[in-house]
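# Descriptive structure summary
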Amino acid sequence: MSKLERNWQYAEQYPTETAAISRARRLSLELGIEPVSRSVGAMLSGLTVLSRAEAICEIGTGVGVSGLSLLRHAPEATLTSIEIEPEHLREAKTVFAEAGIPAAKLRLIEGDAMHVMPRLNLAAYDLVLLDADPTRLLDHLEHALAIVRPGGSIVVPGAFSHGRVPDPAARDEATRSMRDLLAVVADSPAIAPILSPAGDGVLTLVRLDG
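Residues numbered from 1 in each chain as written. Predicted model: local features only at pLDDT ≥ 70, side-chain atom pairs only at ≥ 80, totals over all residues. Heavy atoms only, no water.

### Observations regarding the overall build of the protein chain
This is how the line gets drawn: Numbering goes from the N terminus for both helices and strands, where a helix is a DSSP run of H or I of at least four residues and a strand is a run of E of at least two. Put simply, the radius of gyration uses C-alpha atoms, and a globule should come to 2.2 Å times the residue count raised to 0.38. Think of it in three bands: residues with accessible area under 20% of the maximum for their type are buried, residues over 50% are exposed, and the middle band is partly exposed, with areas taken using a 1.4 Å probe on protein chains only. Note on contacts: a residue pair is in contact if any heavy atoms of the two residues lie within 4.5 Å. Here the accessible surface of atoms and residues is derived via Shrake-Rupley with a 1.4 Å probe, and residues count as covered only by protein chains that are part of the display.
When you go through the protein chain residue by residue, the secondary structure sums to eight helices and seven strands. Since a compact globule built from 210 residues should have a radius of gyration of about 17 Å, the 16 Å found for the protein chain is in line with a globular shape. Its C-alpha atoms give the protein chain principal-axis dimensions of about 45 × 45 × 30 Å. Scored against the burial criterion, the 210 residues of the protein chain give a buried share of 45%. Within the protein chain, contacts between residues separated by at least 24 positions form 66% of all contacts whose residues are at least 6 apart in sequence. Summing over all exposed atoms, the protein chain offers an accessible surface of approximately 10,600 Å²; the carbon and sulfur share of this is 55%.

### Here we look at the packing of aromatic side chains
So the rule is basically this: Stacked, tilted and edge-to-face are the three classes assigned to paired rings of Phe, Tyr and Trp, where Trp is represented by its six-membered ring and a pair needs centres within 6.5 Å; plane angles under 30 degrees give stacked, over 60 edge-to-face, the rest tilted.
By the definition in use, this model includes one aromatic pair. The interplanar angle of 25° and the centroid separation of 6.3 Å between the aromatic rings of Tyr10 and Tyr14 together place this pair among those described as stacked. Tyr14 shares its class with Tyr10; the two are exposed.

### Thoughts on the environment of Pro86
Looking at where Pro86 falls in the secondary structure, it is placed in helix H5 (residues 86-98). The spacing of Pro86 and Thr18 is 68 residues in sequence and 25 Å in space, taken between C-alpha atoms.

### What to know about the environment of Ile109
Within the secondary structure, Ile109 sits in strand S3 (residues 106-110). The class of Ile109 is buried, set by a relative accessible area of 17%. Taking the C-alpha atoms as reference points, Ile109 and Ile82, separated by 27 residues in sequence, lie 4.8 Å from one another. Not counting residues within four places of it along the chain, the set of residues in contact with Ile109 comprises Thr80, Ser81, Ile82, Glu83, Leu89 and Val116.

### Some points on the pattern of salt bridges
Counted only if it meets this: The working definition used for a salt bridge is a side-chain nitrogen of Lys or Arg within 4 Å of a carboxyl oxygen of Asp or Glu.
Under the criterion given, the structure shown has five salt bridges. For Arg149, the salt bridge identified is with Asp126, shortest N-O distance 2.6 Å. Separated by 23 residues along the polypeptide, Arg149 in strand S5 (residues 148-157) and Asp126 in strand S4 (residues 125-130) bring together distant segments of the chain. On the basis of relative accessibility, which here comes to 25%, the residue Arg149 falls in the partly exposed class. In this structure Asp126 comes out as buried when scored by relative accessible area, which is 12%.

### A few points about the side chain of His88
Mapped onto the elements of the fold, His88 is located in helix H5. His88 gets classed as buried once you look at its relative accessible area, which sits at 16%.

### Observations regarding the layout of surface pockets
We count it as follows: Only protein atoms enter the 1 Å grid used here, on which a cavity is any set of points holding a 1.4 Å probe that cannot leave and a pocket is any open set flanked by protein within 12 Å on both sides along at least five of seven lines; residues with an atom within 4 Å of a point are listed as lining. Grid points are joined across faces, edges and corners, and a volume is the space filled by probe spheres set on the points. In this count, Pro and Cys sit with the nonpolar residues alongside Ala, Val, Leu, Ile, Met, Phe, Trp and Tyr, while Asp, Glu, Lys and Arg are called charged and the others, Gly among them, polar.
Estimated volume of the largest pocket: approximately 970 Å³. For the largest pocket, the lining is made up of 43 residues, of which Glu34, Asp131, Ala132, Pro134 and Pro157 are closest to its centre. Those elements that place two or more of their residues in the lining of the largest pocket are helix H1 (3-13), helix H4 (65-71), strand S2 (78-83), helix H7 (137-147), S5 and helix H8 (173-186). Residue composition of the lining of the largest pocket, grouped by class: 19 nonpolar, 14 polar and ten charged.

### Quick look at the sheet that holds strand S6 (residues 191-196)
Counted only if it meets this: By the convention used here, strands pair only if DSSP detects at least 2 bridges between them. Lines are fitted to the C-alpha atoms to define the axes, a helix being fitted only along its stretch in contact, and any angle between axes, read from their N-to-C directions, falls within 0 to 180 degrees.
Taking strand neighbours across the sheet as the criterion, the seven strands line up as S3-S2-S1-S4-S5-S7-S6 in an open arrangement whose pairing is mixed. Strands at the two margins of the open sheet, each flanked by one partner only, are S3 and S6. Each neighbouring strand pair of the sheet contributes to a mean axis angle of 15°, computed without reference to strand direction. Alignment of strand S1 (residues 55-59) against S2, held across five bridges, turns out to be parallel. Within S2, the position partnered with Ala55 by the bridge is Thr78. Each of S2 and S3 is contacted by H5, which is oriented at about 165° to S3, the strand it contacts most.

### Describing the side chain of Ser153
Mapped onto the elements of the fold, Ser153 is located in strand S5. The class for Ser153 is buried, based on a relative accessible area of 6%. If we skip the residues at most four places from it in the chain, Ser153 touches Leu47, Asp126, Leu127, Val128, Val148, Thr204, Leu205 and Val206.

So this is what it looks like as structure tokens:
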């Protein structure tokens, strides 16, 4: 194992999780959902606090691992979370309730994000998490940029697509979509991009003023 691999492994094992997040992680794996890794969950928790996010929008609820991570240290924040799979959303409702998240701080919406996001208020969110269909990333980004406030952040986990993005031989649709997203934001005057190797890669985009 190389030094970089040891560093990555240590970073993945380092964060602690609440009992509720651990239960949600186990449930995710039982249902065949790939949740954000422990290090990415810790990043989400910290980013919420650092950005003082009060209004958060999540695309891809799963059963609540990332949502609970976003709210972990931000009891005053509200979360709007969109999920296309009814079964996942039913499980998520139970997970959030058992974790003690007040109903007034949570809005779970069943539906396709492409149809739901255009109905959300413009520039109303401090933080937007995009963790849904990887083949529609650019479309999701367009809507996310409309609903996030100037100075707010858009977070995209899975930025390496399981190591396929850096591999020139990988040409599947999801990998091409992520490469297109990375290329678009790299030179955009409206976005400050940050690419982290945490988990399977995390792309954080800060919407600039103007």
